[in-house]
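Architecture and fold: a report
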Amino acid sequence: MEKFMYLFRGGDNHAYNAKDSESAKKNMQAWMTWMGGLQQKGILVSGEPLQPTGKQVNGTKKLVTDGPFVEAKEMVSGFLIINAKDINEAVEISKGCPIFVENGMLEVRPVQKMEM
Amino acid sequence: MEDSGNSELYKTVDHLFRQESGKMVSVLIRLFGFPNIEQAEDIVQDTLLKALEVWKWGKIPDNPQAWLYSAAKNKAIDVLRRQKLKHKIDSDISYLLKSEYTLVPALNEMFTENEMKDSQLRMMFACCHPSFTQEAQVTLILKTLCGLGSKEIAAAFLSNEETIQKRFYRIKEKIKEENISLDYPGADAMIQRSDAVLKTLYLLFNEGYSSSQPEKLIREDLCEEAMRLCILLTENPKTNLPQTNALLALMCYQVSRFNTRLDDKGLIVLLKDQDRRQWNLSAIAKGNEYLDKSAFGEAFHDFHAEAVIASQHANAETYEKTDWKLILDMYNALLSRHNNPMVAVNRAVVLGEVEGYDKAIAELEKLSGLSENFYYNASLAEMYMRAGKHGKARMIYGKALSLTASIAEIELIRRKINACTT
């Protein structure tokens, strides 16, 4: 088993940004069902949604700026760590994610093992 | 002025709080896991205090239940986010509590009507885990599902607070040692555990129905709670068994007589002397309904026999018109399964109505080991009395008198002795 990260971007119907509560409820339910399923199959490691705000700390000078100021569509809106056999399986698993219903985007990234 | 307003408020919320706290505690224990029982109770306590605090200044919200649930939910979320729990969470939904993606939706879900009912069912099964003694099972149900405090439980058991607190301490140790959870038992253990749950509800009900409990309010509350939980069992296909309906029928018949069992001075009125017009007809109708529903499947449970007996009493026009023969059959069925001396005493009394009081006396005198039992002596004396042997009756009533401390029972026997003519 290898570890992968799902990096979510956008998704205009994201749980906490939802415009009306009925669709927000539906949306939360969808995430709960999906993540519950992953958990039961032993796939899910952890994950959190992120607020569309924060700070950036940059370079050798550790320069602090407000940000990230990118378009909502580009904004990282959350992450998940999962277990999968390989990247193909990780991609297949990701297709059940509710982010696509919200017209969002998902990036699958294998965890880098640090070699001695 | 303000004081009277507040006491009015306390009265209004008292019943609501008791009912709702049992539900909320079950949900929170399901969320946090059984070992975190104290945190669950603390949250509910805080919620109720906050409600009193807020409601004191305005009026009670239109939907007080929803208000309480939402407050409890927020406190629970706070505790979960700060990971302030004493013991690691180990529950069937713990994985949903780890991520913000699922935490709030999971809690919303848990506080829906269906899930709250499910949590209470799970709680009932957990409380009746075979590792707990019978006494511990009843105590635990009272504390968690019925929302009673140690003081009230002590009153219900005619015990003191310290004893009850010690009992809780042992219960909590047991939960940790045996790793008892709110998961449903496996299919093979399910029927057995359901029977344990029913037996415990039966005891809970009897605790309330028994005339040894001096406080009327406690009695009514215990009976009401036992019935509420039993109804909950009938609402779920897993636990809606023939015996569940039989037990509920039995309870309905018993409560139909609740107000005629004691006269206005608090003295016991025996079945024979009760005013049948005062029996609660809608409770009897409910009993008949559940008794009908209990008649499916092969099994004939003890509760079936007891419910049929109670139904004959409840539906009989007069004491004399009671179908004593059918009741005797039921007692024979009960006695063939358990060699229970109290059942044998009851059976003998019924035999008296079917075959004559001399026969009953002969049966009673055959029973051994009961000579120091109040109920046995009172029944035997009653049979002598009905057989017209007042002298003998008076003597045995005298013996019964020395065997009880209950004021109501002493008074009953005194009246009986006075009624003996010779």
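Residues numbered from 1 in each chain as written. Chains lettered and ligands numbered in written order. Predicted model: local features only at pLDDT ≥ 70, side-chain atom pairs only at ≥ 80, totals over all residues. Heavy atoms only, no water.

**What to know about the packing of helix H2 (residues 37-57) of chain B against helix H3 (residues 64-82) of chain B**
Residue and element names in this part refer to chain B. Close contact between H2 and H3 brings their axes to 9 Å; oriented N to C, the two are set at 130°. What the angle tells us is that H2 and H3 run oblique. Of the two possible hands of crossing, H2 and H3 adopt the one that is right-handed. Between H2 and H3, the contacting residues are Ile43, Asp46, Thr47, Leu48, Lys50, Ala51, Val54 and Trp55 on the first element and Pro64, Trp67, Leu68, Ala71, Ala72, Lys75, Ala76 and Val79 on the second. Residues belonging to the contact of H2 with H3 are distributed by class as follows: twelve nonpolar, one polar and three charged. (Axes fitted to C-alpha atoms, helices over the stretch in contact; angles between N-to-C directions. Helix = DSSP H or I, 4+ residues; strand = E, 2+ residues; numbered from the N terminus. Parallel < 35°, antiparallel > 145°, perpendicular 65-115°, else oblique. Left-handed = near helix turned anticlockwise from the far one by under 90°. Contact = heavy atoms within 4.5 Å. Nonpolar A, V, L, I, M, F, W, Y, C, P; charged D, E, K, R; others polar.)

**Section: the pattern of salt bridges**
Residue and element names in this part refer to chain B. In the structure shown here, the tally under the stated rule is 37 salt bridges over all chains. Residue Glu100 is joined to Arg81 by a salt bridge in which the shortest nitrogen-to-oxygen separation is 2.8 Å. With Glu100 in the loop between H3 and helix H4 (103-110) and Arg81 in helix H3, this pair connects stretches of sequence that are 19 residues apart. For Glu100, a relative accessible area of 23% corresponds to the partly exposed category. A relative accessible area of 46% means that Arg81 is categorised as partly exposed. Residue Lys293 is joined to Glu289 by a salt bridge in which the shortest nitrogen-to-oxygen separation is 3.8 Å. Of the two residues, Lys293 and Glu289 are both situated in helix H12 (residues 281-294); the distance of four residues between them amounts to about one turn of the helix. (Salt bridge = Lys/Arg side-chain N within 4 Å of Asp/Glu carboxyl O. Buried < 20%, exposed > 50% of the residue type's maximum accessible area, 1.4 Å probe, protein only.)

**Examining the pairing of strand S1 (residues 2-9) of chain A**
All names here are of chain A. Relative to strand S5 (residues 76-84), S1 is paired through eight bridges, and the arrangement is antiparallel. Within S5, the position partnered with Tyr6 by the bridge is Leu80. Across six bridges, S1 lies against strand S6 (residues 105-110) in antiparallel orientation. Each residue of the ladder has a partner; that of Tyr6, found in S6, is Val108. (Pairing = 2+ DSSP bridges.)

**A few points about unusual backbone geometry**
Even without glycine at this site, A:Asn103 takes up a positive phi of about 65°. Within the fold, A:Asn103 resides in the loop between helix H2 (87-94) and S6. Of note in this structure, B:Asn179 is not a glycine but carries a positive phi near 55°. Position of B:Asn179 relative to the elements: it lies in the loop between helix H8 (161-178) and helix H9 (187-209).

**Quick notes on the nonpolar core**
As a rule of thumb, soluble globular proteins bury nonpolar side chains together. Residues and elements named next belong to chain B. Counting residues in hydrophobic clusters, the biggest one holds 113 residues, and the most contacted among them are Phe32, Phe34 and Leu201. Ranked by residues supplied to this core, first place goes to helix H1 (residues 2-32) with eleven residues. Every residue in contact with Leu201, bar those within four places of it in the chain, is listed here: Met124, Ile141, Ala226, Leu229, Cys230, Leu233, Leu247 and Met251. One finds Ala360, Met385, Ile413 and Cys420 within the second-largest nonpolar core, a separate group that totals 22 residues. (Core = buried A, V, L, I, M, F, W, Y, C linked by side-chain atoms within 4.5 Å.)

**A word on the packing of aromatic side chains**
Residue and element names in this part refer to chain B. Enumeration according to the criterion identifies 14 aromatic pairs over all chains in this entry. For the ring pair Trp55 and Trp67, a centre distance of 5.2 Å and an interplane angle of 70° mean the geometry is edge-to-face. Of this pair, Trp55 sits in helix H2 while Trp67 sits in helix H3; the two residues are twelve residues apart in sequence, bridging distant segments of the chain. On the accessibility criterion, Trp55 (2% relative accessible area) is buried. You can call Trp67 partly exposed: its relative accessible area is 23%. (Phe/Tyr/Trp six-rings, centres within 6.5 Å; stacked < 30°, edge-to-face > 60°.)

**A few points about the environment of B:Lys174**
Residues and elements named next belong to chain B. Mapped onto the fold, Lys174 is located in helix H8. Under the relative-accessibility criterion, Lys174 is labelled partly exposed at 27%. Lys174 sits 60 residues away from Asn114 along the chain, and the two C-alpha atoms are 29 Å apart. With residues up to four places along the chain from it excluded, the contact list for Lys174 reads Ser131, Phe132, Asn179 and Ile180.

**What about the confidence of the model for chain A?**
Averaged over chain A, the pLDDT score is 87; the fraction of residues at 70 or greater is 92%. When mean pLDDT is taken per element in chain A, H2(A) scores highest with 97 and helix H1 (residues 21-40) of chain A scores lowest with 86. (pLDDT = per-residue confidence, 0-100.)

**Some words on the environment of B:Leu80**
All names here are of chain B. For Leu80, the position within the fold is in helix H3. The buried category is assigned to Leu80, whose relative accessible area is 9%. Considered as a pair, Leu80 and Leu31 are 49 residues apart in the sequence and their alpha carbons are 9.4 Å apart. For Leu80, the contacting residues outside a window of four places in its chain are Phe32, Leu85, Ile89, Leu97, Leu103 and Leu107.

**Remarks on the environment of B:Ala316**
Residue and element names in this part refer to chain B. Residue placement: Ala316 occurs in the loop between helix H13 (302-315) and helix H14 (324-337). Judged by relative accessible area, Ala316 falls into the buried class, the value being 12%. Sequence-wise, Ala316 and Arg276 are 40 residues apart; in three dimensions their C-alpha atoms are separated by 9.1 Å. With residues near it in sequence (within four places) discarded, Ala316 still touches Arg276, Lys321 and Thr322.

**Some words on helix H5 (residues 113-127) of chain B**
Residue and element names in this part refer to chain B. The end-to-end C-alpha distance of H5, which contains 15 residues, comes to 21 Å, matching closely the 21 Å that a straight helix rising 1.5 Å per residue would cover. Along H5, twelve of the 15 residues are buried, which leaves the element largely enclosed by surrounding structure. Within the sequence span of H5, burial applies to Glu115, Met116, Asp118, Ser119, Gln120, Leu121, Arg122, Met123, Met124, Phe125, Ala126 and Cys127. (Expected span 1.5 Å × (residues − 1).)

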